[in-house]
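# Fold and contact review
Residues per chain are reported as follows:
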Amino acid sequence: MRVVRLEINVAALTVAASLAVALLAPSRAGAQTDFYKGKNIDLIVSTGVGGGLDANARVVARHLGNHIPGNPTVVPKNMPGAGHIKAANYVFNVAPKDGSVIATFIPVFVLAQVLDRGAAQFDPAKFNWLASTSSNNSTVWVWHAAGVNSIEDATKKQVLMGGTAPGSYTIIYPTIMNSLAGTKFKIISGYESAAAVGLAIERGEVQGRAGNNFNSLKAENGEWFKAGKIKLLAQVGLERDPEFPNLPLMSDFAKNDADRQILKLFSTDVVIGRPFVTSPGVPPERVALLRKAFDEMMKDPAFLKDAATAGLDVTAVDGAKIQKIVQDLVNTPAAVIAKAKLAMEPKDVVELPTAK
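Bear in mind the structure is a predicted one, so any value in this text is a computation, not a measurement.

### Thoughts on the sheet that holds strand S1 (residues 40-45)
Hydrogen bonds along the backbone pair up the strands of a sheet, which may run parallel or antiparallel. Read from one edge of the open sheet, six strands run S2-S1-S3-S10-S4-S11, paired in mixed fashion. With one partner strand each, in any of the chains shown, strand S2 (73-78) and strand S11 (317-318) form the two edges of the open sheet. Sheet strands in contact with helix H3 (residues 85-94) are S1, strand S3 (101-104) and strand S10 (275-278), and its direction is about 145 degrees off that of S1. Running at roughly 5 degrees to strand S4 (residues 128-132), helix H10 (residues 284-297) makes contact with S3, S4 and S10 of the sheet.

### Points about the packing of aromatic side chains
One pass over the full model with this rule turns up 12 aromatic pairs. On the numbers, 4.2 Å between centres and 5 degrees between planes, the contact of Phe214 with Phe244 is stacked. Taken as a pair, Phe214 in helix H8 (residues 214-227) and Phe244 in the loop between strand S9 (230-236) and helix H9 (257-268) lie far apart in primary sequence, 30 residues in all. One exposure class covers both Phe214 and Phe244, and it is buried. Judged by centre distance (5.0 Å) and plane angle (40 degrees), the ring pair of Phe276 and Phe294 falls under tilted. Here Phe276 is found in strand S10, whereas its partner Phe294 is found in helix H10, with 18 residues between them in sequence. Look at Phe276 and you get buried, because its relative accessible area is 0%. Residue classification places Phe294 among the buried positions, given a relative accessible area of 0%. Connected via pairs of aromatic rings, a cluster forms that spans Phe92, Phe105, Phe122, Phe127 and Trp129. Above the plane of the ring of Phe35 lies Lys39, whose end atom (NZ or CZ) is 3.9 Å from the centre. Cation over ring: Arg286 sits above Phe35, and NZ or CZ is 3.7 Å from the ring centre.

### Structural notes on the environment of Gly228
The residue Gly228 is located in the loop between H8 and S9 in this model. Relative accessible area serves as the criterion here: at 43%, Gly228 is assigned to the partly exposed category. Note: C-alpha distance between Gly228 and His144 (84 residues apart in sequence) is 7.3 Å.

### Quick word on the confidence of the model for the chain
This prediction gives the chain a mean pLDDT of 87; 88% of its residues lie at or above 70. Taken as a whole, residues 1-8 scores under 50 in pLDDT and shows zero contacts with residues more than four places along the chain or in a different chain. Predicted confidence is poor over residues 19-27, with pLDDT under 50, and the contacts of this stretch with residues over four places away or in other chains come to zero contacts.

### Quick word on the nonpolar core
Within the largest apolar cluster, 60 residues are counted, with the highest numbers of intra-cluster contacts made by Phe105, Phe127, Trp129, Tyr173, Phe185 and Phe266. Leave out the neighbours within four places in its chain, and Phe105 touches Ser46, Leu53, His84, Ala87, Ala88, Val91, Phe127, Gly273, Pro275 and Val277.

### Re the pattern of salt bridges
Applying the stated criterion across every chain yields a total of 10 salt bridges. Asp306 is the partner of Arg62 in a salt bridge, and the nearest nitrogen-oxygen pair spans 2.9 Å. Of the two residues, Arg62 is situated in helix H2 (residues 52-63) and Asp306 in helix H11 (residues 301-309); the sequence distance between them amounts to 244 residues. Judged by its relative accessible area of 19%, Asp306 is buried.

### So, the side chain of Asn137
When you line up the elements, Asn137 lands in the loop between S4 and strand S5 (138-143). By relative accessible area, Asn137 is classed as buried at 11%. A polar side-chain atom of Asn137 sits 2.7 Å from the main-chain carbonyl oxygen of Glu239. Setting aside anything within four residues of it in sequence, one finds Asn137 in contact with Asn213, Phe214, Gln235, Val236, Gly237, Glu239, Arg240, Asp241, Leu249 and Val270.

### Looking at the layout of surface pockets
In this structure, the largest pocket occupies an estimated 510 Å³ of space. Breaking the lining of the largest pocket down by element, the ones donating at least two residues are H2, helix H6 (169-180), helix H7 (194-203) and H8. Residue composition of the lining of the largest pocket, grouped by class: 12 nonpolar, 19 polar and five charged.

### Considerations on H10
Residues separated by three or four positions in an α-helix point in the same direction, a consequence of the helix having 3.6 residues per turn. With 14 residues, H10 extends 20 Å between its outermost C-alpha atoms, agreeing within 8% with the 20 Å of an ideal straight helix rising 1.5 Å per residue. Here H10 has its buried residues at Arg286, Val287, Leu289, Leu290, Ala293, Phe294 and Met297. Projected down its long axis, H10 shows its buried positions confined to an angular sector of 160 degrees, all on one face. The exposed set on the far side of H10, more than 90 degrees from its buried face, consists of Pro284 and Lys292.

Reading guide: rules and limits
Residues numbered from 1 in each chain as written. Predicted model: local features only at pLDDT ≥ 70, side-chain atom pairs only at ≥ 80, totals over all residues. Heavy atoms only, no water. Pairing = 2+ DSSP bridges. Helix = DSSP H or I, 4+ residues; strand = E, 2+ residues; numbered from the N terminus. Contact = heavy atoms within 4.5 Å. Axes fitted to C-alpha atoms, helices over the stretch in contact; angles between N-to-C directions. Phe/Tyr/Trp six-rings, centres within 6.5 Å; stacked < 30°, edge-to-face > 60°. Buried < 20%, exposed > 50% of the residue type's maximum accessible area, 1.4 Å probe, protein only. Lys NZ or Arg CZ within 6 Å of the ring centre and 35° of its normal. pLDDT = per-residue confidence, 0-100. Core = buried A, V, L, I, M, F, W, Y, C linked by side-chain atoms within 4.5 Å. Salt bridge = Lys/Arg side-chain N within 4 Å of Asp/Glu carboxyl O. Polar contact = N/O pair within 3.5 Å; in protein donor to acceptor, adjacent residues only side chain to side chain. 1 Å grid on protein atoms, 1.4 Å probe; cavity = no way out; pocket = protein on both sides within 12 Å on 5 of 7 lines; lining within 4 Å. Points joined across faces, edges and corners; volume = space filled by probe spheres on them. Nonpolar A, V, L, I, M, F, W, Y, C, P; charged D, E, K, R; others polar. Expected span 1.5 Å × (residues − 1). Arc of directions from axis to C-beta.

Here's what the structure looks like:
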């Protein structure tokens, strides 16, 4: 009789547990809807106003809330500084850990942590990676009047390259190419944004820039590009863009296998594209909700039309894939990191505090 009582009790407990799960699931879904209803989501942008990342963020801000239960308003907030590290530090350490703050960064901040830069106070692998709206190779280019038509030309003639803050692609790519490919790029650093570098090029202060991915180049300087005022010298990525099959990769200019490994290290994070993250510690079900919202948004005809009007390409990359790429970068062997740091030593960089 005692055994029978035990079996009955276990059965009763099983029924009770099933009922609890059934009741809990809708309450959790309701909690997510209730959380965002009537609220704002801050979208932190790691660049100044006017660049490709900013333009992309503002298109996303107009549509993402339509795919989040509760339909929150997404508010872009620019937070440039320290080569995108200022924004990354804020989202990792200061922002609420509840999904009310998301961010978009140019992914150079991942390398910042890998290379152990002192200003990096975060572990990029611990961000919750939500999605990337595009993955596009970056570029190194010069103004048509510079008298430089190839990387080989740039190994023989000095070229003034506009730069923003240390740690940005505008400075990283010319620096490592000077170290490993023998170019003679002289970097004029201190411009407050990529848009300011563009104005400096028009004024004749500098002759080119790096770190402009193809979709940003088309969105920001499409007329220059179409009119042939820009001369592409190299593209940065792991594979050549199908639209530019004859434009060499930055890693193609390595002089040996060791240098090629370093140049590929600096090319890997380009695959991340224009990513969106939220802080570590956000509840998993809320992260899943946000990832789902990005997936739905990037199939939404209204979003795709808005992006096309803004000259933005949409090539979706899911959060899980980005998470794996970031984890692999964080686990780069120490010997490669040591060589990469040497290649990053500043060479021919001039700071212009008054640059606008």
